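Examining the three-dimensional arrangement
This is what each chain is made of:
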Amino acid sequence: MKASGGDELWTFARFNPGQDFGSVDIEMDAERQESWGRVFGSVSDRLPRGMLVTAMMEAYIEAIQPRPDGNVHASQELAFKGERVCWNDTVSIAVSCDDKAVKKGRFWVRFAVVARVGERVVMTGTIHSIWAA
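On a predicted model such as this, the values are computed, not experimentally measured, just so you know. Residue indices begin from 1 for each chain and proceed along its sequence in written order. In keeping with the predicted nature of the model, local features appear solely for residues at pLDDT of at least 70, side-chain atom pairs appear and are counted solely at 80 or more, and the whole-chain, interface and lining totals rest on all residues. Each side-chain value is worked out from all heavy atoms of the structure, with water and hydrogens disregarded.

Secondary structure follows DSSP: runs of H or I at least 4 residues long count as helices, runs of E at least 2 residues long count as strands, and numbering of each begins at the N terminus. In this structure, Cys86 sits in the loop between β2 (72-80) and β3 (90-103). Distance from Cys86 to Ser44, taken between C-alpha atoms, is 8.8 Å for residues 42 residues apart in sequence.

Moving on, we come to the sheet that holds strand β4 (residues 106-117). Picture the strands of a sheet paired through backbone hydrogen bonds; they go either parallel or antiparallel. Here a strand pair is declared whenever DSSP counts at least two bridges between the two strands. On the basis of which strands lie adjacent, the open sheet formed by 5 strands has the order β1-β3-β4-β5-β2 and antiparallel pairing. Bordering the open sheet on either side are β1 (20-27) and β2, each of which pairs with just one other strand. With direction set aside, neighbouring strand axes in the sheet form an average angle of 20 degrees. Where β1 and β3 come together, 6 bridges link them in antiparallel fashion. The partner of Val24 across the bridge, within β3, is Ile93. Against the sheet, helix α2 (residues 49-63) makes contact with β1, β2, β3, β4 and β5 (120-131), and its axis sits at roughly 130 degrees relative to β2, the strand it touches most. Axes here mean lines fitted to C-alpha atoms, for a helix over just the part in contact, with angles spanning 0 to 180 degrees between N-to-C directions. Residue contacts are counted whenever heavy atoms from the two residues lie within 4.5 Å of one another.

Quick look at the packing of aromatic side chains now. Two rings belonging to Phe, Tyr or Trp (six-membered ring only in the last case) form a pair when the distance between their centres is within 6.5 Å. Interplanar angles under 30 degrees mark stacking, angles over 60 mark edge-to-face geometry, and anything in between is tilted. Scanning all chains against the criterion turns up 10 aromatic pairs. Ring geometry for Trp10 and Phe15: centres 5.3 Å apart, planes at 20 degrees, overall stacked. Relative accessible area decides the class of each residue, using a 1.4 Å probe on protein chains only: under 20% of the type maximum gives buried, over 50% gives exposed, and in between gives partly exposed. For Trp10, a relative accessible area of 4% translates into the label buried. Judged by relative accessible area, Phe15 falls into the buried class, the value being 0%. Put simply, the rings of Trp10, Phe15, Phe21, Tyr60, Phe111 and Trp131 pair up and form one aromatic cluster. A cation over an aromatic ring shows up here: Lys100 above the ring of Phe12, its NZ or CZ 4.6 Å from the ring centre. A ring is considered to have a charge above it if a Lys NZ or an Arg CZ atom is located within 6 Å of its centre and within 35 degrees of its normal.

In structure tokens, the structure reads:
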């Protein structure tokens, strides 16, 4: 599922704390596994945490479109839940606006992410962005 932003650019003014952008399903399929292996070498059947981070960023970008040019990914905080995630699992990543503030003339938006495989939460986190518009 993709958030319905229509064609209207996502500006700072449109964000509201608690706003849900829906979930994006990312399949950890053979193609992704092969790509990972080309970069990092042999892979086990267990999904590397770095691949969860990659999926999180893909979902975050897809969920909030269209975006202004010039946004800055300032930081992120992640908590892995220790649940086993394997290649061929589908990871569903929910994205929401956690908070927003203007600091020193910059538009800061904090997004919350929750990654699940089925009903199991496998990772939670926040993304801190300086929004360009």
